[in-house]
Amino acid sequence: KQGSSPTIIRVLDQATVNKIAAGEVVERPASLVKELVENSIDAGADSVRIEIIASKNEITSIRITDDGCGMVPEDALLAFTPHATSKITEIRDLDTIRTLGFRGEALASIAAVARVTLITRPRDDELAAGTRIVIAGGEILENSAIGAPGGTTVLVEDLFYNTPARKKFQKSRATELAHIIGMLEGIILAHPTIAFRLTYNGTEQVVTGRNATRLDTIARIYGAATARDLVPVSTTAPLVAIAGHISRPSLSRKDRDRIILSINGRYVSSPAITNAIKEGYGTLLPKDRFPVAFLSLDIDTALVDVNVHPTKKLVRISREPEIAGAVRDAIKKTLAGHDLIPDIRPTT
Ligand code: ADP
Ligand code: MG
């Protein structure tokens, strides 16, 4: 006998879908900064400025300005549509992906949980119009032509204003700033030729120059003393090219937090590669000490699956054991080629 119970399943409206999706992409202010800075890098920017403004209790606005390719008016609007991207057209494109983005979700997600003002103009087209779009909670409040320099500025305000649970989850502004700085350092090291400038309430936090060497950049961020204790690594193995710097055994840490990796220009964390680096030191370091290492790996894009996690912080590497082995051997060989007797420096 047919009952009369009502149906209870419904398809969610797009605004709700976007807010839920945003939860994965925009976990905290640092994830938002990461997405926007990666967009600037993908846009071919030479310089990227990040301005964070905080009140006594929380981060209140984030502004990213780049001199990248910019967007024409139609694209500027489309950019906020979920799954709209200029970076891939079909799934096969992921096998050869060189851009950091491809999901087409960041701008839509951010605009779903904040108030976003986008100002953009195509960089290489003197005659092109500039566009200003204001969008909050997924709703377009303004879309107008304005004069603007070539490139793109994205201003994010009222973050999580319509998702109170997420807003409450935000830690102190100092904690959030530390996350932003840590994430940004990883991105900067993967792109030492781009000039970055991070300010917090107007005070410079991280500044790097255009076309800097990786070692310059390391010295800028971690200090000249750290840079002095590093040796360069440069190896090409069959499956991976490895470049960067690793610490002499005299410089070590109790955590693995200063083993900073990028794969094909993407700042990632990889437990397997991190372990391989540690293994490369063998007995030169005690079991519970970790080296400092800044390494960029270049691996055939077909071997790297970047579509593992919405934030793309983890990637899946095919033939990982062989690649990890190549990294371990490169570290070993590099250390063997250098004078490993710790420098004796006067302590002050
Ligand atoms: P994705 O980066 O995965 O493509 P996003 O939502 O981050 O998705 O961005 C959507 C699209 O908007 C991008 O594919 C790009 O074409 C454009 N876009 C976003 N940010 C910028 C920028 N800073 N400069 C130029 N174009 C941008
Ligand atoms: Mg993106």
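Quick notes on the rules
- Per chain, the residues get numbers from 1 upward, laid out in the order the sequence is written.
- The lettering of chains begins at A and the numbering of ligands begins at 1, in the order of writing.
- Confidence filtering applies because this is a predicted model: local features only for residues at pLDDT of at least 70, side-chain atom pairs given and counted only at 80 or more, and all residues used for totals across whole chains, interfaces and linings.
- Secondary structure is summarised from DSSP: a helix means a run of H or I of at least four residues, a strand means a run of E of at least two, and numbering begins at the N terminus for each.
- The globule rule is 2.2 Å times the number of residues to the power 0.38, and the radius of gyration it is compared with is taken over C-alpha atoms.
- Burial is judged by counting other C-beta atoms within 10 Å of a residue's own C-beta: 20 or more means buried, 12 or fewer means exposed, and anything between counts as partly exposed, with every C-beta placed from the backbone.
- Regarding the arc, it is the one traced by the directions from the helix axis to the C-beta atoms.
- Domain limits in this description derive from either an automatic procedure or a database domain assignment.
- Residues are treated as contacting if the C-beta atoms built from their backbones sit within 7 Å of each other.
- Put simply, Ala, Val, Leu, Ile, Met, Phe, Trp, Tyr, Cys and Pro go in the nonpolar bin, Asp, Glu, Lys and Arg in the charged bin, and everything else, Gly too, in the polar bin.
- Following DSSP output, two strands are said to pair if at least two bridges run between them.
- Every axis corresponds to a line fitted to the C-alpha atoms, with the helix fit spanning only the stretch in contact, and the corresponding angles, defined between N-to-C directions, vary from 0 to 180 degrees.
- Any helix carries an expected span of 1.5 Å times its number of residues minus one.

Notes on the overall build of the protein
A tally of regular secondary structure across the protein gives 10 helices and 17 strands. In summary, the protein has a C-alpha radius of gyration of 22 Å against a globular reference of 20 Å for 348 residues, a match within 12%. Each principal axis of the C-alpha atoms in the protein carries an extent, and together these give about 75 × 65 × 40 Å.

A look at helix H9 (residues 271-280)
Owing to its 3.6 residues per turn, the α-helix aligns residues three or four sequence positions apart on the same side. Looking only at H9, the buried set comprises Ile 273, Thr 274, Ala 276, Ile 277 and Gly 280. Mapping the buried residues of H9 onto a view down its axis gives an arc of 160°, with all of them on the same face. Exposed and oriented more than 90 degrees from the buried face of H9 are Pro 271 and Ala 272. Following H9 by one or two positions, Gly 282 has its phi on the positive side, about 50°.

Side note on the domain arrangement of the protein
For the protein, the assigned domains read domain 1 (14-207) and domain 2 (224-336). Of the residues lining the interface, 14 residues belong to domain 1; the matching set on domain 2 comes to 14 residues. Those elements giving two or more residues to the side of domain 1 that touches domain 2 turn out to be helix H1 (14-25) and helix H6 (173-190). With 4 residues, the top contributor of residues to the side of domain 1 that touches domain 2 is H6. A class-by-class count of the residues in the side of domain 1 that touches domain 2 yields 7 nonpolar, 4 polar and 3 charged.

Describing the sheet that holds strand S10 (residues 240-247)
Pairing within the open sheet is mixed, and its 5 strands lie in the order S9-S10-S15-S12-S13. Looking along the sheet, the strands with just one partner apiece sit at the ends: strand S9 (230-236) and strand S13 (266-268). The sheet shows a mean angle of 20° between the axes of neighbouring strands, direction not considered. Note that strand S12 (residues 259-263) and strand S15 (residues 293-299) share 5 bridges and pair parallel. The partner of Ser 262 across the bridge, within S15, is Ser 296. Where helix H10 (residues 320-336) meets the sheet, it contacts S9, S10 and S15, and its direction lies at approximately 45° from that of S10.

Remarks on H10
With 17 residues, H10 should reach 24 Å at 1.5 Å per residue; the first-to-last C-alpha distance of 24 Å fits that figure. Of all the residues in H10, the buried ones are Ile 323, Ala 324, Ala 326, Val 327, Ala 330, Ile 331 and Leu 335. The buried residues of H10 occupy one face: seen down the axis, they fall within an arc of 165°. In H10, the exposed positions angled more than 90 degrees off the buried face are occupied by Pro 321, Lys 333 and Ala 336. Along its buried surface, H10 packs onto S9, S10, H9, S15 and strand S17 (316-317).

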